Amino acid sequence: MRGSLAQRRPDFLIGRSARVSYRSTRSGHADGVFSAAAERPCRPMSLDERGSAMARTPSPRPATTVVVLAPLSLTVALGLWGIRRENTLWGDESVTYQLAHRDLSQIWHTAQHVDLVHALYYAVMHGIFGLFGGGLLTLRLPSVLAMSAAASGVGLLGLRLAGPRAGLLAGLVFPLLPQVQKYAQEGRSYAMVCALVTWATCALVAGVAHRARWRWVVYGSLMLSACLLHEFAVLALIAHGVTLAVSRVPRHVLRAWGAAAVGVVTGLLPMAICSVGQSGQLSWIDGPVRLQYFLVVAVLGVACALVPRKVRGPVRLSGLAVPILVLPGLLLLIASLVKPLFVDRYVLYSNLGIALLLGASMDHVLKRQRPSRYVWMAAVAVLAVLVPQSVSLRTPQSRSNDATAIGAAVRKEGRPGDGLLFLPGQHRILTAANPEDTRLLTDLALAQDPVSSNTLAGVELPARAIAARMLDFDRIVAVRAAGGHTNAREEAKKRTLRRHFHEYATTRVNGARVTVYVRDRDPSPKAGPGYSCLMCSSPCNRPSTPRRGSPRSRPPLRTRADAEVPLPPPVCAGARDTPLSR
């Protein structure tokens, strides 16, 4: 009877020696009699016994160290490789460079008009520039370090959800992804957002497994920081909610996550409301940008999720990875049916999902069979595809424009005293990073510079004033770039160039055209049949006057007596009543 009662006792009520004797009895290695140790009541282990037991148990620290440090080291190495990108900047990085050099008060006032969603990032970069200088490396190194932290977080997630080898493989796959390599070397906020979302996901998994409020406080703080750096990070919050729903976690976990989510949304709400008034900044998006990459990794990730794998905790790896991979991009695509919003970098953090799924799938393959030559051939083939793409990502042509090349072309084509025109005016930011490129030219449309006006591209003159200033120059260097708004100012610029100038030379650079326009010659000093006044476009007898930007623009020598009497500007009668631009 005692033996039967002992057999029915739960395993956790029996000492270690009793469990060994019980298993031996069932396997036939004993005579069905428990040892005396099994019949003794359980007693707490002494400190010495606990120390010896812990010494016999393999520590997970070495595996965790490798899983965290190996992806970090690989990401840093790839991030430093070609980080200068031939010493070039592209347009968005040029904006970061300019705004991070302004004072914090100027950054705040600028954010009231434009780029509010990036204001916190500009403030962070302002502090970094103040500590380490405002060079090209200082601009991009924070992104490299942030993406390295994200890679470590991916490895740690894989370790907790699928084991050490799966975590290591996931952490090593993450920095190899083309999109991760691209934005790890870019002076924008997306790498920081990716790191914060990744470590918030780690806090989520830990909060589900361990009932501790401080873990949810950490989770909410990381998610709120990510959303304040870029408000589309809130889509990861929705993905986390779906993960908890499909994992069927206890109610207290749902309540804790719900409280954290409410805190994140409450903290984000003021910025979201204010940024609605700046939605015109997204007018350049006329359709999904780089949608193909998202579709490929989404299909590949769903296929990897079908691979059977062992569950190691309350949250399944596929239940976490698939929502974070698919949902943010899918929600942006749905919103794009009303207003185009999808840009791949807005959901850069989704790459942690495909990295986890690929790492776990490779671990599953390695468990089933030893690496054969086919496995090695597939690995070599993947690397052969990735290497050329990795090399191209470190060239200026990998970005949509090259602000450095545009500024150099303006400096080469322009002559001292030439006019400078931007079509449209908002692309003035493409040459603002290096003022030396345009120092000897006259910006014809600029009324107030970007710094004093607390804007990105400055404030321009009215359309009629721009047209009048253009007619004072014989040579104009025009910078044309894709995108931008069409308004009365832009129409006046184009119409004046078309009526009174002709193209002399054009230089094409990545993302823009730099064209030199030369003023059409007057037929004669006196008006003849069919001659029109340059000011009013109507027949008159106004003589041709010298204009700036040419050798004829030098004023004649005047004596001191002549200087006392100002010369009236020659204006014809028609110009007094006719608009300057039509």
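These numbers come from a predicted model, not from an experiment.

Asker: Which residues make up the confidence of the model for the chain, and what values do they have?
Answerer: Looking at the chain as a whole, the pLDDT averages 82, with 79% of positions reaching at least 70. With pLDDT under 50 throughout, residues 45-59 is counted as low confidence; its partners more than four residues away or in other chains account for 3 contacts. Segment residues 523-582: pLDDT under 50, and 79 contacts once partners within four positions in sequence are set aside and those in other chains are kept.

Asker: With reference to specific residues and values, describe the sheet that holds strand β6 (residues 501-509).
Answerer: Taken in spatial order, the 5 strands line up as β2-β1-β5-β7-β6 in an open sheet, and their pairing is mixed. At either end of the open sheet lies a strand with only one pairing partner, and these are β2 (442-443) and β6. Here strand β5 (residues 475-481) runs beside strand β7 (residues 512-519); their pairing, made up of 7 bridges, is antiparallel. Bridge pairing in β7 places alanine 478 opposite threonine 515. The sheet contacts of helix α24 (residues 488-500) involve β1 (419-423), β5, β6 and β7, and relative to β1 the element is tilted by about 125°.

Asker: Give me the packing of helix α17 (residues 317-335) against helix α18 (residues 351-368): which residues, what numbers.
Answerer: For any two helices packed against each other, the geometry comes down to the angle between their axes and how far apart the axes lie. One can describe the packing of α17 onto α18 by two numbers: an axis separation of 7 Å at closest approach and a directional angle of 145°. The handedness of the crossing between α17 and α18 is left-handed. Where α17 abuts α18, its residues Leu317, Ser318, Leu320, Ala321, Val322, Ile324 and Leu325 lie against Leu352, Gly353, Ile354, Leu356, Leu357 and Ala360. Its residues assigned to classes, the contact of α17 with α18 shows 11 nonpolar, 2 polar and no charged.

Asker: I'd like to hear about the nonpolar core, residue by residue, with values.
Answerer: General note: in soluble globular proteins, nonpolar side chains tend to be found buried as a group. Of all hydrophobic cores here, the largest spans 99 residues; its most connected members are Met147, Phe174, Tyr219, Tyr349 and Leu356. In this structure, phenylalanine 174 is in contact with Met147, Ala150, Ala151, Val154, Val180, Cys194, Asn351, Leu352 and Ala355, ignoring residues within four places of it in sequence. With 14 residues, the next largest nonpolar core counts Val410, Leu441, Val477 and Val514 among its residues.

Parameters and conventions
- Residues numbered from 1 in each chain as written.
- Predicted model: local features only at pLDDT ≥ 70, side-chain atom pairs only at ≥ 80, totals over all residues.
- Heavy atoms only, no water.
- pLDDT = per-residue confidence, 0-100.
- Contact = heavy atoms within 4.5 Å.
- Pairing = 2+ DSSP bridges.
- Helix = DSSP H or I, 4+ residues; strand = E, 2+ residues; numbered from the N terminus.
- Axes fitted to C-alpha atoms, helices over the stretch in contact; angles between N-to-C directions.
- Left-handed = near helix turned anticlockwise from the far one by under 90°.
- Nonpolar A, V, L, I, M, F, W, Y, C, P; charged D, E, K, R; others polar.
- Core = buried A, V, L, I, M, F, W, Y, C linked by side-chain atoms within 4.5 Å.
- Buried < 20%, exposed > 50% of the residue type's maximum accessible area, 1.4 Å probe, protein only.

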